[in-house]
Amino acid sequence: MENRDCKSKILSESYWDFLIPNYRENRITPLEEGKYCFQSADFDYRVLYVDSEGREPISFYTYGYHSVPNCYALLNMESLDAAGITAVQNLPALEVMGSGILIGFVDTGIDYQNSVFRNLDGSTRIVGIWDQTIQEGTPPPGLDYGSEYRREQIDEALKSGEPKEVVPSRDEQGHGTYLASVAAGSADVENRFLGAAPEAAIAMVKLKPAKQYLKDFYAIAPDALCYQENDILLGLKYLNQLAAELDMPLVLCIALGTNFGGHAGFTLLSSSLDLYAYLTNRAVVTGTGNEAAERHHYYHRFTDEQETAAAEIRVGSEVTGFSAEIWARLPDVVTLSLVSPSGERTRPISLRQGQKYHLVFTFDGTEVLVEYRLLLENEDSQLIFLRFQTPAEGVWRLELLPVQRALGNVHIWLPVQEFLSGEVFFLEADADMTLTEPGTARMAMTAAYYNAKDNGVDIHSGRGYTRNDMIKPDFAAPGTTVTGAGRDGRFTERTGSSGAVGITAGAAALLMEWLLDQPGTVGVNSIQIRNILVLGTGQRDFMDYPNREWGYGTLNLYQSLDRLRQL
């Protein structure tokens, strides 16, 4: 199939995107000649693009939970001193600045003209940009959409009087530029700025926005920025193959997050990041998100099979829609009934595997789609997915009833704040287990964030643990008022998970450089990097570790290397 033909399908709103996990064959049939195409991701994952004409509407019932791509939001936006990075940069005996390490980002793009991404001679430190939104250039090898720009083209653009005519890639949002500068920005003495790994090479994937049909399926606010799981996975493939071509160690820096998924490390993105983490000379860093104070998580533990629980959701005015996911871990099984703000009540949902229901609340002018999945692919979980369309203002009541009880735990997650068009939250919310996917990945490093000035964890930093009781986050890094490159060449201070992810990625690059320079070291992986960073975490005497807010403590690269030296 010609590349141009596949490109048109990838970009078309009339073609739907599906993920084919490596643990099962393609079940999305029939596939008519000329009306589909595939892209291959790493680890035998595949992305299928198929004509939607005549197909059943998108649902987990029809296509499988993991086959429908998830949608991810950006994780928003003295720090290097607190993380023990400045001491490592300035110590002559160590002499590590990230040289020879590639840090790769999957984000909103990069302002390649900014001076913090250049060498002293003015040449670029960016070895590659894959812009998925520009279709006029040449795609990377093995991929059929977007345009790739290599170091030589970027240098040519920087010497040109009209750089955007040579390399037209831009970062309209500024998030990718900020993230890359925090992780790997060069020194700017005038503005007293220095990135964590200022001599590392940089590669950027600029993600294309999600298709409208997928935003509609998840009831994501019309003006919300979100990015599809399949585009992220292909971005990771690009970064991995670029690092292999250049024969460079790679740190993957992922500052994206979602509340969709089971919060147990089983989404396809989380699983992929775990597989990258096992590879030699690869490290993976992600964050916990900014959801702890947003009241988007509900938790209840049943103590009796006759007990009921009520999760009440406050919905404000002008909310166009939202979704919710109810998760229980088998052999626990729950069902529910819904009560609208006007008092309209449904019967308890009949528990039939793979069933879906369309509920209409006449007096409230609201429709609710309910999908029930008892046996999810590759998981030991039950899922009830709800999508509210034009929800009435007021308090919606989800009455939960255990059908079968073991541990008796049930969780409900609402979307991340960035996906909502108005006020939607639980009246009785639980701030624990609010770390976003893929921060639940088992082998990737997950960084919470704190205020380095007062040493207090930020109230918005997502908290652990995972739904299957895995210890996450691994540690906390500075993330409050972190300085980085902004738009139009200016600097900005931002607070959020992204700053901590960038600092941690830079720290991982410095540690990787140092380890690979040690006699007898032939390679390291993300798990080893993570364990060494955990080894040196800062801990307070009055606090138990690990814990849900800080993980094993605060990131301190200098202390990690010092303790490693003493072993």
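Structure: above.
Criteria and thresholds
Residues numbered from 1 in each chain as written. Predicted model: local features only at pLDDT ≥ 70, side-chain atom pairs only at ≥ 80, totals over all residues. Heavy atoms only, no water. Helix = DSSP H or I, 4+ residues; strand = E, 2+ residues; numbered from the N terminus. Rg over C-alpha atoms; globule rule 2.2 N^0.38 Å. Buried < 20%, exposed > 50% of the residue type's maximum accessible area, 1.4 Å probe, protein only. Areas by Shrake-Rupley, 256 points an atom, 1.4 Å probe, with all protein chains shown as cover. Contact = heavy atoms within 4.5 Å. Core = buried A, V, L, I, M, F, W, Y, C linked by side-chain atoms within 4.5 Å. Disulfide = S-S within 2.5 Å. Polar contact = N/O pair within 3.5 Å; in protein donor to acceptor, adjacent residues only side chain to side chain. Salt bridge = Lys/Arg side-chain N within 4 Å of Asp/Glu carboxyl O. Axes fitted to C-alpha atoms, helices over the stretch in contact; angles between N-to-C directions. Parallel < 35°, antiparallel > 145°, perpendicular 65-115°, else oblique. Left-handed = near helix turned anticlockwise from the far one by under 90°. Pairing = 2+ DSSP bridges. Phe/Tyr/Trp six-rings, centres within 6.5 Å; stacked < 30°, edge-to-face > 60°.

Undergrad: Report on the overall build of the chain, specifying residues and quantitative values.
TA: Looking only at helices and strands, one finds 13 helices and 27 strands in the chain. In terms of overall dimensions, the chain is globule-like: its C-alpha atoms have a radius of gyration of 23 Å, near the 24 Å expected for 567 residues. Dimensions of the chain, computed from the C-alpha atoms along their principal axes, are close to 70 × 65 × 45 Å. Buried residues in the chain amount to 63% of all 567 residues. When the accessible area of the chain is evaluated, it comes to approximately 21300 Å², of which 46% is carbon and sulfur surface.

Undergrad: Mind laying out the environment of leucine 236, listing which residues take part and the relevant values?
TA: Checked against the element boundaries, leucine 236 lands in helix α9 (residues 229-246). Here leucine 236 is in contact with Asp42, Val106, Leu252, Ile254, Leu269, Leu273 and Tyr276, once residues within four sequence places are set aside.

Undergrad: Can you lay out the side chain of serine 169 for me, pointing to particular residues and giving the numbers?
TA: Of note, serine 169 is situated in the loop between α6 (163-166) and α7 (175-184). The class for serine 169 is buried, based on a relative accessible area of 0%. Once you skip the residues sitting within four places of it in the chain, serine 169 turns out to touch Tyr112, Ile129, Asp131, Ile134, Tyr149, Lys164 and Lys206.

Undergrad: Run through the nonpolar core, naming residues and quoting values.
TA: Ranked by internal contacts, the top residues of the largest apolar core, which has 65 residues, are Ile85, Ile103, Phe105, Val251, Leu511, Ile529 and Leu557. Counting residues per element, this core draws most heavily on helix α11 (residues 497-516), which supplies twelve residues. With sequence-adjacent residues up to four places away left out, leucine 557 is seen in contact with Ala83, Gly84, Ile85, Val88, Ala507, Leu510, Leu511 and Leu533. Ile10, Leu102, Val106 and Leu234 belong to the second-largest nonpolar core, a separate cluster that totals 42 residues.

Undergrad: A description of the state of the cysteines should follow, citing residues and the corresponding values.
TA: Counted under the stated rule, the structure contains one disulfide. One disulfide in the model links cysteine 6 with cysteine 37; its S-S distance is 2.2 Å. Of note, the bridge from cysteine 6 to cysteine 37 carries an S-S torsion of about 80° and is right-handed in sense. Separated by 31 residues along the polypeptide, cysteine 6 in helix α1 (residues 3-11) and cysteine 37 in strand β2 (residues 36-40) bring together distant segments of the chain.

Undergrad: Mind laying out the side chain of arginine 467, listing which residues take part and the relevant values?
TA: Within the element layout of this structure, arginine 467 appears in the loop between β24 (456-457) and β25 (475-478). A distance of 2.6 Å separates the side chain of arginine 467 from the backbone oxygen of glycine 262, its partner in a polar contact. Ignoring any residue separated from it by four or fewer positions in sequence, one finds arginine 467 in contact with Gly262, His263, Ala264, Trp327, Ala328, Arg329, Glu379, Ser381, His411, Trp413 and Met433.

Undergrad: Residue-level account of the pattern of salt bridges, with values.
TA: Counted according to the given criterion, the structure contains 18 salt bridges. The salt bridge partner of glutamate 312 is arginine 397, with a shortest N-O separation of 3.1 Å. Of this pair, glutamate 312 sits in strand β14 (residues 309-315) while arginine 397 sits in strand β20 (residues 394-404); the two residues are 85 residues apart in sequence, bridging distant segments of the chain. Exposure remark for glutamate 312: the relative accessible area of 28% places this residue in the partly exposed category. For arginine 397, a relative accessible area of 29% corresponds to the partly exposed category. For arginine 463, the salt bridge goes to glutamate 549, with nearest N and O atoms at 3.9 Å. Placement of arginine 463 in the loop between β24 and β25 and of glutamate 549 in the loop between α12 (526-535) and α13 (557-566) is noted, with a sequence separation of 86 residues between them. Through salt bridges with shared partners, a single network forms among Glu312, Arg345, Arg397 and Glu399.

Undergrad: Which residues make up the packing of α7 against α11, and what values do they have?
TA: Contact pair α7 / α11: the axes reach a minimum separation of 7 Å and the direction vectors enclose 40°. Regarding the angle of α7 to α11, the classification is oblique. α7 and α11 meet at a crossing whose hand is right-handed. Of the residues in α11, those in contact with His175, Tyr178, Leu179, Val182 and Ala183 of α7 are Ser498, Gly499, Gly502, Ile503, Ala505 and Gly506.

Undergrad: Before we move on, could you go through the packing of α12 against α13 and cite the residues and values that matter?
TA: The geometry of a pair of packed helices is captured by two quantities: the angle between their axes and the separation between those axes. At a minimum axis distance of 7 Å, the contact between α12 and α13 shows a crossing angle of 95°. Looking at the two axes, α12 sits roughly perpendicular to α13. Residues Ile532, Leu533 and Leu535 of α12 lie in contact with α13, whose contacting residues are Leu557, Ser560, Arg563 and Leu564.

Undergrad: Talk me through the sheet that holds strand β9 (residues 227-228); I want residue IDs and the actual numbers.
TA: Read from one edge to the other, the open sheet built from three strands follows the order β9-β4-β11, with strand pairing classed as antiparallel. Sheet topology places β9 and β11 (256-257) at the edges, where each strand pairs with a single neighbour. Both strand β4 (residues 71-74) and β11 contribute to a ladder of two bridges, which runs antiparallel. Paired with alanine 73 across the strands is glycine 257, a residue of β11.

Undergrad: Before we move on, can you summarise the packing of aromatic side chains with the specific residues and values?
TA: The tally for this structure, following the rule as stated, stands at 21 aromatic pairs. Ring centres 5.3 Å apart and planes at 65° place the aromatic pair tryptophan 130 and tyrosine 145 in the edge-to-face group. Pair noted here: tryptophan 130 is in strand β6 (residues 126-131) and tyrosine 145 is in the loop between β6 and β7 (147-150), with a separation of 15 residues, a long-range link. Seen in terms of ring centroids, phenylalanine 322 and phenylalanine 388 are 4.5 Å apart; in terms of plane orientation they differ by 10°. Their pairing is stacked. In this pair, phenylalanine 322 is assigned in strand β15 (residues 321-329) and phenylalanine 388 in strand β19 (residues 381-389), connecting sequence segments 66 residues apart.

Undergrad: Can you tell me about helix α10 (residues 268-278), naming the residues and giving the values?
TA: Counting buried positions over the eleven residues of α10 gives nine, a clear majority of the element. The complete set of buried residues in α10 reads Leu268, Leu269, Ser270, Ser271, Ser272, Leu273, Asp274, Tyr276 and Ala277. Residues of α10 that are buried make contact with β1 (15-20), β4, α9, β10 (250-254), β12 (282-287) and α12.

Undergrad: Give a detailed account of the sheet that holds strand β22 (residues 424-426), specifying residues and quantitative values.
TA: Read across the open sheet, the four strands follow the order β16-β20-β14-β22; overall the sheet is antiparallel. Looking along the sheet, the strands with just one partner apiece sit at the ends: β16 (333-339) and β22. Strand-to-strand, the axes of this sheet are offset by a mean angle of 25°, without reference to chain direction. For β14 and β20, the ladder comprises seven bridges, and the chain directions are antiparallel. In the strand pairing of β20, alanine 310 is matched with glutamate 399.

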